[in-house]
Amino acid sequence: MSRALIVHRAGPGVTVQDLGRPGYLAYGLSRGGAADRLAMAEGAALLGQDENLAALEMAGMGGEFEATEDLRIALTGAPMPASVDGARVAWNASHLVPKGARLNVGAAEVGSYGYLHIGGGVDAPLVLGGRCAHLAAGIGASLKKGDRLPVGLDCKDQIGMKIAPEERFGGGTVRIVPSLQTELFPEDERARFEMTAFHRDMRGNRMGVRFEPDGEGFVSAAGLSVLSEIIVPGDIQITGDGTPFVLLSECQTTGGYPRIGSVLPADLPKVVQARPGEILQFVFISLDEAVAVQQRDAELKKSLSKRLAPLIRDPSSISDLLSYQLISGVTAGDDHWQSAI
Amino acid sequence: MSESKNHTWPQIRTAGYDGFVVTFGDRLSGSANSAALAFRDAIEKAGWEALEECSTSLVSAYLRFDPLICAHDEMRAALENLVKTRDWFEAPLPSGRRLWRVPTVFGGAAGPQFAEAAGMAGLSEEEAKASIAKTRVRVQNIGFAPGMPYLGELSSEWDIPRQTELTPQVPAGGLCVAIRQLVLFPVPTPTGWRQIGQTALTLFRPDAPDPFLLRPGDEVIFVPTPAAARADTENGGATWELIT
């Protein structure tokens, strides 16, 4: 039987994601890829593999999956209750899903997007240089019952590790830089924008998320006849009714609604993980400050593998301890929870 | 064109944290559009180490770069030097351009906002249809969605704004109008542009060897066709010939 993950049940927004397919912007295709790119880095660190290997992104709700062979997995992003054959497993950690076992992932407890990473990566077909679904472009599709996802070869054996996730759930302050159309908004409108609390609206997907301001909408000097201009993920577009949309991974590549600023890549996970009703505030920082923030973010991502710690499991929570011991030969010596028994 | 004598263009601005946009005018013109296309080509050939990706909008070239490899000041200086290497407003259009004839159903269920848009342009529906059918529009940019063309320029009465509310969904192949331009949607899309007609073009085929149907510089004539008469063939019977 080939190495695969079988989908027995999937929430409505489970897709294959990697870091996207750069290079087609000039043809109108945005890069796409995982909404929370930090989660991709955390999963890669947990499994000791490349962060561009494809994983499953689960919007709000996971699913039930079966391994056709022993598979290493890691769970990151929005924490969801997860179990392997009924035994609860920790989030932000790596585990073994033995051949034939069922992995169950429930609804997000905080945040919006959870990730299931697999040792060797999901070997989805390569389309225009990427394996990720780009729903807005009609590439790939949400997963459904009966899908069988081929999994790449896995030459590592590290499991039973945990990572302290970077804080990014529940809203908060998001840093933005001025962008090419910021000056279309009068200074007092920009000041009011920074003073305003925004509620994450119900309307949101991988293309963008709408935020409802406390108070009046925002008005630019240019109105509705701006020439369509380049859009980048993170841009905050002010639509005709004055409310902001933060554009995300699957955003359009150009657009005519004026943009008041652009969210730093390092703060995008906070935007994508906000749940409806949660409150965000935007604060302008200079480009120099932004470079310093991104420098720290790059260093953080590089150091993730040094921040792993052994996952100490409580033996009483392991319902099928015997079956684990039977397959312990394949998990090699770094199966740290065994030392706690 | 007058822009070439105007020292305020091009303008170089940052776009987001890791991008620059080089803009060749504040309104759409043929020379600003071809300047943007040629400048993007030059960025691609410059061999800059920090370059991640480049693209164009209607009158701008865009590049994404890694500011941790090349500081913003350095990148801006490199762009300024590239700007000085020629008169970009006199750059030729891309080669291999094609003229497309695209059967199009105007109005009714195929163009729910045709009457409204015609009214805003001060035209009757018959006049509006004739006005668009006689205009050979050019693909000025591919953007927004994969393979999606921005086409222009229509006559001045079509300088109508986008609507304030978004239309929840325009179907694939839908023809929409605003600010003297036409767009065609490759996939069903919410939009502020008014839908005036429907074509059967497949603008993006992810699995095809050449996934994108139209290219910047191509020209298009939208040929009015009764709904029942539209050919049931690939791209609804659209044809093309090389522009020589």
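Residues numbered from 1 in each chain as written. Chains lettered and ligands numbered in written order. Predicted model: local features only at pLDDT ≥ 70, side-chain atom pairs only at ≥ 80, totals over all residues.

Draft legend 1. Just the overall build of chain B, in detail. Helix and strand counts for chain B come out as four helices and 14 strands. Expected size for 244 residues packed as a compact globule is a radius of gyration near 18 Å; at 19 Å, chain B falls within 12% of this value. Viewed in the frame of its principal axes, chain B has a C-alpha envelope of about 60 × 40 × 40 Å. Per-residue burial over chain B gives 48% buried out of 244 residues. Sequence-distant contacts, at least 24 apart, represent 63% of the contacts inside chain B between residues at least 6 apart. (Helix = DSSP H or I, 4+ residues; strand = E, 2+ residues; numbered from the N terminus. Rg over C-alpha atoms; globule rule 2.2 N^0.38 Å. Buried ≥ 20, exposed ≤ 12 C-beta atoms within 10 Å, placed from the backbone. Contact = placed C-beta atoms within 7 Å.)

Draft legend 2. Broad picture of the sheet that holds strand S11 (residues 148–150) of chain A. Residue and element names in this part refer to chain A. Taken together, six strands build an open sheet; the order of strands is S7-S6-S9-S4-S1-S11 and the sheet is antiparallel. At either end of the open sheet lies a strand with only one pairing partner, and these are strand S7 (87–89) and S11. In this sheet, neighbouring strand axes are inclined to one another by 25° on average, regardless of whether the strands run parallel or antiparallel. In the sheet, strand S1 (residues 4–10) pairs with S11 via three bridges, with the strands oriented antiparallel. Paired with Ala 4 across the two strands is Pro 150, which belongs to S11. (Pairing = 2+ DSSP bridges. Axes fitted to C-alpha atoms, helices over the stretch in contact; angles between N-to-C directions.)

Draft legend 3. Structural context of the environment of Ile 160 of chain B. Residues and elements named next belong to chain B. As for its position among the elements, Ile 160 is in the loop between strand S7 (149–152) and strand S8 (167–170). On the basis of neighbour counts, which here come to 22 C-beta atoms within 10 Å, the residue Ile 160 falls in the buried class. Along the chain, Ile 160 and Ala 178 lie 18 residues apart, while their C-alpha atoms are 5.3 Å from each other. Sequence-distant contacts of Ile 160, defined by excluding residues within four places in its chain, comprise Ala 117, Met 120, Ala 121 and Ala 178.

Draft legend 4. Up close: the interface of chain A and chain B. With 42 residues of chain A at the interface, the matching set in chain B holds 43 residues. Looking at the side of chain A that touches chain B, the elements with two or more residues in it are strand S16 (229–230), strand S19 (254–255) and helix H4 (287–303) of chain A. Looking at the side of chain A that touches chain B element by element, the count peaks at six residues for H4 of chain A. Along the lines of polarity and charge, the residues of the side of chain A that touches chain B split into 22 nonpolar, 17 polar and three charged. (Nonpolar A, V, L, I, M, F, W, Y, C, P; charged D, E, K, R; others polar.)

Draft legend 5. A look at helix H1 (residues 30–45) of chain B. All names here are of chain B. Along its 16 residues, H1 runs 23 Å from first to last C-alpha, staying within 8% of the 22 Å computed at 1.5 Å per residue. Taken as a whole, H1 has its buried residues at Ala 32, Asn 33, Ser 34, Ala 35, Ala 36, Leu 37, Ala 38, Phe 39, Arg 40 and Ile 43. The elements touched by buried residues of H1 are strand S2 (19–23), strand S3 (51–56), strand S4 (60–65) and strand S6 (137–142). Looking one or two residues past H1, Gly 47 carries a phi angle of roughly 70°, positive in sign. (Expected span 1.5 Å × (residues − 1).)

Draft legend 6. Layout of unusual backbone geometry. Residues and elements named next belong to chain B. Trp 9 connects to Pro 10 through a cis peptide bond whose omega is 0°. Cis geometry is found at the peptide bond from Gly 152 to Glu 153, where omega equals 10°. By the element assignment, Glu 153 lies in the loop between S7 and S8. At Ile 179, a position not held by glycine, the phi torsion is positive, near 35°. Note on placement: Ile 179 falls in the loop between strand S9 (174–178) and strand S10 (181–184). One non-glycine residue, Arg 180, lies in positive phi territory at about 60°. Relative to the elements of secondary structure, Arg 180 occurs in the loop between S9 and S10. Looking at Arg 180, the number of C-beta atoms within 10 Å reads 19, which means it is partly exposed.

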